[in-house]
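Overview (structure and organization)
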Amino acid sequence: LKPRQAAIEKALAEVLRSSTTEAPPILVEAIGYSLLAPGKRLRPMLCILACEACGGTMAQAIPSACALEMIHAYSLIHDDLPAMDDDDLRRGLPTCHIKYGEALAILAGDALQALAFETVCRGYEPKTATVLCLELAQGSGAAGMVGGQVLDLIADGRIKGMLPQGSETSQLEAIHARKTGALFRSSLRLGKLAAQGERDFGNELNAYAKAFGMLFQVTDDLLDVESTAEVAGKRVNKDAERGKLTCPGLIGVEASRAKAKELADEAIRAANTFGVRGEYLAELARFVLHRDR
Ligand code: IPE
Ligand code: IPE
Ligand code: MG
Ligand code: MG
Ligand code: MG
């Protein structure tokens, strides 16, 4: 996975440099501060691995991979704002609004979102770009990631005038599936679409996406109760205090660990349906199960 990681870092810096020559330098600085900070790059990695598993090359996936990280970085900047989770530490650094102020942080997020779609449009011929943009919009938008953020904030009481619907278990599944699951699924689908292969691989990727997305969010919830800010690079022990609906909050730490293991096994089984080309997808699921940040 290392060479792919290095390719992602290089491409992100290059795309940012080449697409922002006309932009106000302070805005470019704030965007770069958040985008290039040391994240795990899981979404671009999924995109590349799915592209390869479906018969494509890393080069075909790269513009989509960058776009996904841009959407993710924008979502983190906004997620950390005082109106949302109100956090001051991200990827081991002060959050964007702490460093640059709220106004610039909001605008850096806005610009990153636009830059994501610009990057896809520049990276592919028009027909492919249209399909990729549609997938990215659906995964990140009102019915996907942003919708999930709304459900998350309804559950913790920050969005007033709306009562959460259904049992806590079904609410939690709906939050996880959208706020993080949707963009992971789009990451895999963008990879598949960028590969432009003959076979669809829809079912295989959906099965992997579903398990991987849940696995990721269960382990994210576990980090909040088990990790430290030094290791995780973000504040911990905040979810319960803030009234977030989380997996360990609902079923306890032990049961959440067991659930994570089950989900990882499920993701690995799905990755194996790709044969040798799925090996790295399996490795990524193992990494997420054992991650400490
Ligand atoms: C953290 O995502 C935010 C959630 C979606 C829960 P990551 O754990 O992928 O964050 P980085 O990109 O590595 O910082
Ligand atoms: C954030 O989820 C999901 C996004 C879409 C950004 P969290 O609020 O749980 O992420 P962390 O724990 O702050 O990284
Ligand atoms: Mg949040
Ligand atoms: Mg948060
Ligand atoms: Mg979290």
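Here's what I pulled together on the structure shown here.

Reading the values: rules and limits
- Residues numbered from 1 in each chain as written.
- Chains lettered and ligands numbered in written order.
- Predicted model: local features only at pLDDT ≥ 70, side-chain atom pairs only at ≥ 80, totals over all residues.
- Heavy atoms only, no water.
- Helix = DSSP H or I, 4+ residues; strand = E, 2+ residues; numbered from the N terminus.
- Buried < 20%, exposed > 50% of the residue type's maximum accessible area, 1.4 Å probe, protein only.
- Contact = heavy atoms within 4.5 Å.
- Near = heavy atom within 4 Å.
- Polar contact = N/O pair within 3.5 Å; in protein donor to acceptor, adjacent residues only side chain to side chain.
- Areas by Shrake-Rupley, 256 points an atom, 1.4 Å probe, with all protein chains shown as cover.
- 1 Å grid on protein atoms, 1.4 Å probe; cavity = no way out; pocket = protein on both sides within 12 Å on 5 of 7 lines; lining within 4 Å.
- Sits in = over half its atoms within 2 Å of the grid points.
- Nonpolar A, V, L, I, M, F, W, Y, C, P; charged D, E, K, R; others polar.
- Axes fitted to C-alpha atoms, helices over the stretch in contact; angles between N-to-C directions.
- Parallel < 35°, antiparallel > 145°, perpendicular 65-115°, else oblique.
- Left-handed = near helix turned anticlockwise from the far one by under 90°.
- Points joined across faces, edges and corners; volume = space filled by probe spheres on them.
- Core = buried A, V, L, I, M, F, W, Y, C linked by side-chain atoms within 4.5 Å.
- Salt bridge = Lys/Arg side-chain N within 4 Å of Asp/Glu carboxyl O.

Considerations on the side chain of Ser-34
As for its placement among the helices and strands, Ser-34 is situated in helix H2 (residues 25-35). Residue Ser-34 is classed as buried on the basis of its relative accessible area of 12%. Setting aside chain neighbours within four positions, we find Ser-34 in contact with Ile-77, Arg-91 and Cys-96.

Quick notes on the site of ligand 2
The environment of ligand 2 is formed by Ser-75, Leu-76, Asp-79, Asp-85, Arg-90, Met-145, Gln-149, Lys-179, Gln-217, Asp-220 and Lys-234. In the model, an oxygen atom of ligand 2 is placed 3.0 Å from a nitrogen or oxygen of the Lys-179 side chain. The contact in question runs from an oxygen atom of ligand 2 to an N or O atom on the side chain of Lys-234, over 2.6 Å. Coverage of ligand 2 by the protein amounts to 89% of the 390 Å² it exposes when considered alone. Assessed atom by atom at 2 Å from the grid points, ligand 2 resides in the largest pocket. Every element with two or more residues in the shell around ligand 2 is listed here: helix H4 (58-79), helix H8 (145-155) and helix H10 (202-226). Taken together, the residues of the shell around ligand 2 sort by class into two nonpolar, three polar and six charged.

Digging into the packing of helix H3 (residues 42-53) against H4
Following both chains from N to C, one finds H3 and H4 inclined at 155°, their axes separated by 8 Å at the closest point. With respect to their mutual orientation, H3 and H4 come out roughly antiparallel. Classified by chirality, the crossing of H4 by H3 is right-handed. Across the interface between the two elements, Arg-43, Pro-44, Cys-47, Ile-48, Cys-51 and Glu-52 of H3 pack against Met-58, Gln-60, Ala-61, Ile-62, Ser-64, Ala-65, Leu-68, Glu-69 and His-72 of H4. Here the residues of the contact of H3 with H4 are counted per class, giving nine nonpolar, three polar and three charged.

Regarding the site of ligand 1
Surveying the vicinity of ligand 1 reveals the residues Gly-39, Lys-40, Arg-43, His-72, Leu-76, Arg-91, Thr-180, Phe-216, Gln-217, Asp-220, Lys-234 and Arg-291. Here an oxygen atom of ligand 1 and a side-chain polar atom of Lys-40 are 2.6 Å apart. Residue Arg-43 places a side-chain N or O atom 2.8 Å away from an oxygen atom belonging to ligand 1. For ligand 1, the accessible surface in isolation is 390 Å², of which the surrounding protein chains cover 89%. Spatially, ligand 1 is embedded in the largest pocket. Put simply, the parts of the chain that give the shell around ligand 1 at least two residues each are H4 and H10. Here the shell around ligand 1 gets three residues from one element, more than from any other, and that element is H10. For the shell around ligand 1, the per-class residue count stands at two nonpolar, four polar and six charged.

Section: empty space enclosed by the protein
Throughout the structure, instances matching the rule amount to two cavities of 30 Å³ or more. If you add up the space inside the largest cavity, you get close to 110 Å³. Together, 13 residues line the largest cavity, and Ser-34, Ile-77, Arg-90, Thr-95 and Cys-96 are the ones closest to its centre. When residues of the lining of the largest cavity are traced back to their parent elements, those giving at least two are H2, H4 and strand E2 (93-94). For the second largest cavity, the calculated volume is near 30 Å³. Around the second largest cavity sit Asp-152, Ile-175, His-176, Lys-179, Gln-217, Asp-221, Asp-239, Lys-244, Leu-245 and Thr-246, which together line it. Considering each element in turn, the lining of the second largest cavity owes the most residues, three residues, to helix H9 (residues 168-195). Residues that form the lining of the second largest cavity fall into these classes: two nonpolar, three polar and five charged.

Concerning the nonpolar core
In this structure, Leu-136, Tyr-208 and Leu-281 are the most contacted members of the largest nonpolar core, which totals 82 residues. When residues of this core are assigned to their parent elements, the largest contribution, 11 residues, is made by H4. Apart from the residues lying within four places of it in its own chain, the contact partners of Leu-281 are Leu-46, Leu-49, Ala-50, Ala-53, Leu-188, Tyr-208, Ala-271 and Phe-274.

Quick look at the pattern of salt bridges
Opposite charge on two side chains makes pairing possible when the charged atoms of those side chains draw close. Inspection of every chain in the model, using the stated rule, returns 22 salt bridges. Residue Arg-189 pairs with Glu-135 through a salt bridge whose shortest N-O separation is 3.5 Å. Of this pair, Arg-189 sits in helix H9 while Glu-135 sits in helix H7 (residues 126-140), and the two are 54 residues apart along the sequence. According to the relative accessible area criterion, Glu-135 is buried, its value standing at 10%. A salt bridge links Asp-156 to Lys-244; its shortest N-O distance comes to 2.8 Å. In this pair, Asp-156 sits in the loop between H8 and H9 while Lys-244 sits in the loop between helix H11 (229-232) and helix H12 (247-251), placing the two residues 88 residues apart along the sequence. In this structure, Asp-156 and Lys-244 share a single accessibility class: buried.

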